[in-house]
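The primary structure of each chain is shown beneath.
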Amino acid sequence: MEKIIFDYTFSLSPPLDIENGLQLENIKSRYNEAISSLKNLLRKNPGFLNLPSINELNEMYNFAIAKEKLYENIVLIGIGGSSLGFQAISQALLSYYHNLFDSKERNGKPRVFFLDNIDPYQINPLTDLIDFSKTLFFVISKSGKTTETLATFLILREKIQNELGNEGVKDHIIVITENKSDNELLKLSIQEKYKVFPFPEHLGGRYSALSIVALLPLCFLKINPQEIIKGAKSIKDKITSPDPEENPSLFSALIYLLFYKKGKKIQIIMPYSSKLEKLGEWYCQLWAESLGKKYTIDGQEINWGQTPVRVLGTKDQHSQIQLYMEGPRDKIITFWEIDSYSDDIKIPQLPIKFSSIEYLENRMLSQVFKAEKKATEIALAENNRPSVTFILPELNPYYIGQFILMLEMQTALAGEMLNINPFDQPGVELGKKYTFSLLNRKGYKKPDLLEIKHYRI
Ligand code: PA5
């Protein structure tokens, strides 16, 4: 079995100059500190390392497959960590144009839609598009209290009821939410007899991609979660190993933290595949929401945060790269690459030879993709701009499972090394509270609002 590769050649000095590259001795001098952080984290038994069992996965899959003929569409209502894991995995594993194929061409797999914004321009056309009697709605919210999810759900619930009647509602809504006595989404679900699954207590949204939260909806797309979790389990020993040279999560976390100290306050995530774009979005949430923190665990003000920015290769070589190449020296670039394509294309030959085109003839598109990435990486390095690359052997469920768990561990370890809590999000919670108060939810005090100063243009 091939392995995921973490290539850090262009993070080092040499080839980079001493100001912008890391020295191996410096990285090694931090090993002991990193190892003790790893041990501390493992003592806390982080929830995301507890992966579902084979039986649990079989139950999920059988539950979905028993209903496979019923639904033409899956609509997922949820936001942030309650949606992005499923979005990322389904985009990586389904055909890029999945929804545009007819049912036969999709092998009977439902189309998939996400309602992760309360934008009427997004919601209205979807309700015009879908046939409610052939649609399954997932409502996913750990707290059961998130404004966007509740608002969208209330709108959809009424529409489903109007279309299908009270009985219809229960066959068309699955709720995944926390089993807590103050969870009113749960109370409503029980009252209206929806199928409810508990949101795992030990997981926060952004660490839930390898749990029922993403895996159950994936089962309805006939994506068997066994391979995803097999991949994740296969990397568990490595990402918990106390040897930084064996442990890619520990080693890469250390590299990002050392770069932050060198002023690289921005991490650019640049997957070279359109099918990894959503995974990039998921990772940006994970890195930003877990590590962007005002205080350490002991209450010291730290204001740490390496801003993740997502771009796409090769597309952004013709847009953002100019800035990364010549602008402020505040970035570390993370490339994601796929080594082998199951669906490659050969560029055809022209009948007449043109010297500026000939070089492309008979090349596989994957070769061009790789050359473009390598060229970008080398050009950045020549400008003393550091980068690292993760290479996935193939785009399949096994490696996606491995990669997700590896990145979750990398993020949690970075938090531990910084002595901050990577599992809370007080900043997000504050915004949620002010939303409640501005919409007059009982018991929430309004923030002090400033007098507005503006131009009318
Ligand atoms: O990762 C997180 O904790 C957040 O992004 C949450 O998933 C998001 O705010 C939605 O919360 P909830 O699942 O409670 O609706």
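Everything in this summary refers to the structure shown in the same document. All figures in this text were calculated on a predicted structure; none of them were measured in a lab.

**What about the overall build of the chain?**
Part 1 of the reasoning: Along the chain, the regular secondary structure elements total 16 helices and 12 strands.
Part 2 of the reasoning: On C-alpha atoms alone, the chain measures out to a radius of gyration of 24 Å, which is about the 23 Å that the 2.2 N^0.38 rule sets for 457 residues.
Part 3 of the reasoning: The buried share of the chain, reckoned over its 457 residues, is 49%.
Part 4 of the reasoning: Put simply, 77% of the contacts in the chain that link residues at least 6 apart link residues at least 24 apart.
Part 5 of the reasoning: Summed over its atoms, the accessible surface of the chain is roughly 22,800 Å², and 52% of this surface lies on carbon and sulfur atoms.

**Quick look at the site of the ligand**
Part 1 of the reasoning: Around the ligand there are 14 residues in total, and S82, S141, S143, T146 and Q285 lie nearest to it.
Part 2 of the reasoning: A distance of 2.9 Å separates an oxygen atom of the ligand from a polar backbone atom of R206.
Part 3 of the reasoning: Interatomic distance of 3.3 Å between a side-chain N/O atom of E289 and an oxygen atom of the ligand.
Part 4 of the reasoning: About the coverage of the ligand: the protein hides 91% of its 380 Å² of free accessible area.
Part 5 of the reasoning: Among the residues forming the shell around the ligand, the class breakdown is 1 nonpolar, 9 polar and 4 charged.

**Some details on the nonpolar core**
Part 1 of the reasoning: The biggest cluster of nonpolar side chains holds 95 residues, and the ones touching the most others in it are F138, L216, F220 and W282.
Part 2 of the reasoning: Both of domain 1 (5-44 + 228-424) and domain 2 (69-221) provide at least three residues apiece to this core.
Part 3 of the reasoning: What F138 contacts, discounting residues up to four positions off in sequence, is I74, V75, L76, I77, I174, I176, L216, P217 and F220.
Part 4 of the reasoning: By size, the runner-up hydrophobic cluster in this structure holds 18 residues, among which are I77, F113, I130 and I160.

Each value, and the rule that gives it
- Residues numbered from 1 in each chain as written.
- Predicted model: local features only at pLDDT ≥ 70, side-chain atom pairs only at ≥ 80, totals over all residues.
- Heavy atoms only, no water.
- Helix = DSSP H or I, 4+ residues; strand = E, 2+ residues; numbered from the N terminus.
- Rg over C-alpha atoms; globule rule 2.2 N^0.38 Å.
- Buried < 20%, exposed > 50% of the residue type's maximum accessible area, 1.4 Å probe, protein only.
- Contact = heavy atoms within 4.5 Å.
- Areas by Shrake-Rupley, 256 points an atom, 1.4 Å probe, with all protein chains shown as cover.
- Near = heavy atom within 4 Å.
- Polar contact = N/O pair within 3.5 Å; in protein donor to acceptor, adjacent residues only side chain to side chain.
- Nonpolar A, V, L, I, M, F, W, Y, C, P; charged D, E, K, R; others polar.
- Core = buried A, V, L, I, M, F, W, Y, C linked by side-chain atoms within 4.5 Å.
- Domains from an automatic or database assignment.

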